[in-house]
Amino acid sequence: MSKIIIAIDGFSSTGKSTLAKQLAKELHYVYVDTGAMYRAVTLYAMRNQYIDDQQFDKKALISDLKNIKLHFVFNDDKGLAEMYLNDKNVENEIRTLEVSQFVSQVSTISEVRKKLVEQQQEMGKERGIVMDGRDIGTVVFPDAEVKLFMTASADKRAKRRYKELLDRGDEDVSYERVLKNVESRDYIDSTRLDSPLTKADDAIEIDNSDMGLEEQFERIMSLISTRL
Ligand code: DC
């Protein structure tokens, strides 16, 4: 069976990564979470004081991009790939609400996008990949055989994300703060000039506000099997 590319785009916290992981496991494909890459660059920018609540020194970040090395390492115990920034595992640090608060701003920078898109295209060269993000079906792999575009109401998404943060032991969060972050990321991600979040013409839209994980997986697998 020939290997294909499955591109999953959509708003934040629409369950893209959950679905992508299920599909990759079923098909024995590689899963790439491109949001993790933008989050790792954001963490680097925060650690170097290029970005905080008061300022964002884009120039400094851009000239330092060459010193940012990103790669994924598969963790056999967890059964998933973890994000490494300059050879250090940053999987936990990149998932905090603080990083979420700055990541959309960092993602507007064309130089950042160019560097990450090139790396993503390299990872998909052999096909057999499930990649999720915001611009996978439109920019990274416009020729992907399967393109999905995920949506759900902001309230449902904020509730899911809030629960995730609580489960991770993040006690400083409130539902209101998470909802605000979801809404502000929606806005920045879909209105930025370079590669805004938008549904590719040939993508299939899935609103999973009221859909269970099993049902979603079954529906999408039957759709994919027609394209393999
Ligand atoms: O998927 P996520 O919520 O972890 O992504 C974090 C942010 O990264 C998201 O708000 C926008 C940005 N992003 C992007 O601009 N392009 C991608 N392909 C993936 C993520």
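Anything mentioned here points back to the structure above.
These numbers come from a predicted model, not from an experiment.

Caption draft 1: View of the nonpolar core. Core analysis: the largest hydrophobic core is formed by 37 residues, its most contacted members being Val41, Leu61, Ile68, Leu70, Met83 and Val112. Those elements that place two or more of their residues in this core are β1 (5-10), α2 (34-47), α3 (58-64), β4 (80-85), α4 (97-106), α5 (110-123), β6 (129-133) and α6 (136-140). If one sorts the elements of this core by residue count, α2 sits on top with eight residues. Among all residues touching Met83, those that are not within four sequence positions of it are Ala36, Met37, Ala40, Leu70, His71, Phe72, Lys88, Asn89, Val90, Glu91 and Ile94. Formed by 20 residues, the second largest nonpolar core is a distinct cluster that contains Ile6, Ala20, Tyr29 and Ile206.

Caption draft 2: Local environment of α4. With respect to burial, α4 is a largely interior element, seven of its ten residues being buried. Taken as a whole, α4 has its buried residues at Leu97, Val99, Ser100, Phe102, Val103, Ser104 and Val106. Those residues of α4 that are buried are in contact with α2, α3, α5, α7 (154-167) and α8 (175-191).

Caption draft 3: Representation of the packing of α2 against α4 in the model. Contact pair α2 / α4: the axes reach a minimum separation of 9 Å and the direction vectors enclose 100°. By the criterion of interaxial angle, the relationship of α2 to α4 is roughly perpendicular. Side by side, α2 and α4 meet where Tyr38, Arg39, Val41, Thr42, Leu43 and Met46 of the first sit next to Glu98, Val99, Ser100, Phe102, Val103 and Val106 of the second. A per-class count over the contact of α2 with α4 returns eight nonpolar, two polar and two charged.

Caption draft 4: Summary view of the environment of Ile188. Within the secondary structure layout, Ile188 lies in helix α8. Residues Ile188 and Ser104, spaced 84 residues apart in sequence, show a C-alpha to C-alpha distance of 6.3 Å. Residues in contact with Ile188, not counting those within four places in the same chain, are Ser104 and Thr108.

Caption draft 5: A look at unusual backbone geometry. The phi dihedral of Ser13 is positive, around 55°, even though this residue is not glycine. Within the chain, Arg127 stands out as a residue other than glycine whose phi angle is a positive 60°. In this structure, Arg127 sits in the loop between α5 and β6. A relative accessible area of 25% places Arg127 in the partly exposed class.

Caption draft 6: The arrangement of the sheet that holds strand β8 (residues 204-207) in detail. Spatial ordering of the open sheet is given by β2-β6-β1-β7-β8, a layout of five strands whose pairing is parallel. Two strands close off the open sheet at either side, each with one partner strand: β2 (30-33) and β8. Ignoring which end each strand starts from, the neighbouring axes of this sheet average 20° apart. In this structure, β2 lies alongside β6, joined through four bridges in parallel fashion. Residue pairing for β6: Tyr31 is matched across the bridge by Val130. Those strands touched by helix α9 (residues 213-225) are β1, β7 (146-151) and β8, and its axis lies near 155° from that of β7.

The rules behind these values
What you see as residue numbers is a count from 1 along each chain, following the sequence as written. Residues qualify for local features only when their pLDDT is at least 70, as the model is predicted, and side-chain atom pairs are given and counted only at 80 or more; totals for whole chains, interfaces and linings, by contrast, use all residues. The basis for every side-chain value is the complete set of heavy atoms in the structure, and neither hydrogens nor water enter the calculation. Only buried residues count toward a nonpolar core, which is a set of Ala, Val, Leu, Ile, Met, Phe, Trp, Tyr and Cys residues joined through side-chain atoms within 4.5 Å. When a residue's accessible area, from a 1.4 Å probe over protein chains only, is under 20% of the maximum for its type it is buried; when over 50% it is exposed; and in between it is partly exposed. Here a strand is any run of E in DSSP of at least two residues, a helix any run of H or I of at least four, and the numbering for each starts at the N terminus. Every residue pair with non-hydrogen atoms within 4.5 Å of one another is taken to be in contact. Only the stretch in contact is used when fitting a helix axis, every axis being a line fitted to C-alpha atoms; angles between N-to-C directions are given from 0 to 180 degrees. Reported orientations rely on four angle classes, namely roughly parallel under 35 degrees, roughly antiparallel over 145, roughly perpendicular from 65 to 115, and oblique for the rest. Asp, Glu, Lys and Arg are counted as charged, while Ala, Val, Leu, Ile, Met, Phe, Trp, Tyr, Cys and Pro are counted as nonpolar; the rest, among them Gly, fall into the polar class. Should DSSP find at least two bridges between two strands, the strands are taken to pair.

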